[in-house]
Amino acid sequence: MKITVINGTEKHGVTYRLKEIFLERFRKKAEITEFYLPKDCPSFCSGCVSCTLKGEHTCKDSEYIQKIAASLLESDLIVMTSPAYVMHTTGSMKALLDHFAYLWMPHRPAPEMFTKRAVIISQCLGAGAKSTAKDIKHSLSWWGISKITVFTGRKLSSINYEKPSRVNAITRIKFLFCRMMQKSLHKNDPQYLDGKYWAERGWLGNIRPWGA
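Residues numbered from 1 in each chain as written. Predicted model: local features only at pLDDT ≥ 70, side-chain atom pairs only at ≥ 80, totals over all residues. Heavy atoms only, no water.

### A look at the pattern of salt bridges
Across all of its chains, the model carries ten salt bridges by this definition. Put simply, D40 and K39 hold a salt bridge, and the shortest N to O gap is 3.2 Å. A relative accessible area of 18% means that D40 is categorised as buried. Linking R108 and E56 is a salt bridge whose minimum nitrogen-to-oxygen distance equals 3.0 Å. Separated by 52 residues along the polypeptide, R108 in the loop between α4 (91-99) and β4 (117-121) and E56 in the loop between α2 (50-53) and α3 (62-74) bring together distant segments of the chain. (Salt bridge = Lys/Arg side-chain N within 4 Å of Asp/Glu carboxyl O. Buried < 20%, exposed > 50% of the residue type's maximum accessible area, 1.4 Å probe, protein only. Helix = DSSP H or I, 4+ residues; strand = E, 2+ residues; numbered from the N terminus.)

Written out as structure tokens, the structure reads:
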């Protein structure tokens, strides 16, 4: 089993300790790769949209982003951690999520994402854990991940994280809506990058990224 952990801060606080508690069960049987922000992604997204229009490898920060992306795609479980900073996720985590705009379903979602499981770990001494998790969950759901568990320290889930997730109805509806959009875009401009991506994978027809 492979696990990729993205820590929204380098600080070893309450959220870090919760992450260590969660990972304890996997230490002897899983290959765990961790990234710490901002160290492993020190630059903010500039909003140039090059990743969506020209391809993810044209991003000015591609050397950082694609290393993390490769680990995410290879993993069975994704773990995202962030303390609450003014009721929301850390700026470093938001910057990373912005860099992954091209992975959103309206653009070029990775087929590997649709059957993955994800866990979001957040905690703070005051309020904000839920809104922090919501920031991250919003992006993960649009990557195509259906099963996203939020852990704030109240109890450890007994979910079998080694088992691939089933694609839920909401994810399927999002995909079909985006398919309609991409079908129209591809018809109007066959060279448009997103539309070509969908067409090459057969998603504009009957093929789905999660299989049958």
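On we go.
### Looking at α3
The terminal C-alpha atoms of α3, which comprises 13 residues, lie 18 Å apart, in line with the 18 Å expected from a rise of 1.5 Å per residue. Among all positions in α3, only S62, I65, Q66, I68, A69, S71 and L72 are buried. (Expected span 1.5 Å × (residues − 1).)

### Digging into the sheet that holds β4
Within the open sheet, the five strands sit side by side as β2-β1-β3-β4-β5. Their pairing is parallel. Each end of this open sheet is capped by a strand with a single partner; those strands are β2 (31-36) and β5 (147-151). Strand-to-strand, the axes of this sheet are offset by a mean angle of 15°, without reference to chain direction. Direction of pairing for β4 relative to β5: parallel, over a ladder of five bridges. Bridged to A118 within β5 is I148. The sheet contacts of helix α5 (residues 129-143) involve β3 (77-81), β4 and β5, and relative to β4 the element is tilted by about 165°. (Pairing = 2+ DSSP bridges. Axes fitted to C-alpha atoms, helices over the stretch in contact; angles between N-to-C directions. Contact = heavy atoms within 4.5 Å.)

### Re the nonpolar core
If you look at the biggest cluster of nonpolar residues, it comprises 27 residues, and the most contacted ones within it are I6, F100, L140 and W143. Put simply, the parts of the chain that give this core at least two residues each are α3, β3, α4, β4 and α5. Not counting chain neighbours up to four residues away, the residues in contact with L140 comprise M80, A118, I120, I145 and I148. Counting residues in hydrophobic clusters, the runner-up holds 13 residues, among them F22, L77, V119 and Y161. (Core = buried A, V, L, I, M, F, W, Y, C linked by side-chain atoms within 4.5 Å.)

### Focus: the packing of helix α6 (residues 169-188) against helix α7 (residues 193-200)
The interhelical angle for the contact between α6 and α7, taken along N-to-C directions, is 115°, at an axis separation of 9 Å. Judged on the interaxial angle alone, α7 and α6 are roughly perpendicular. α6 and α7 meet at a crossing whose hand is left-handed. Across the interface between the two elements, F175, C178, R179, Q182 and H186 from α6 touch D194, G195, K196, W198 and A199 from α7. (Parallel < 35°, antiparallel > 145°, perpendicular 65-115°, else oblique. Left-handed = near helix turned anticlockwise from the far one by under 90°.)

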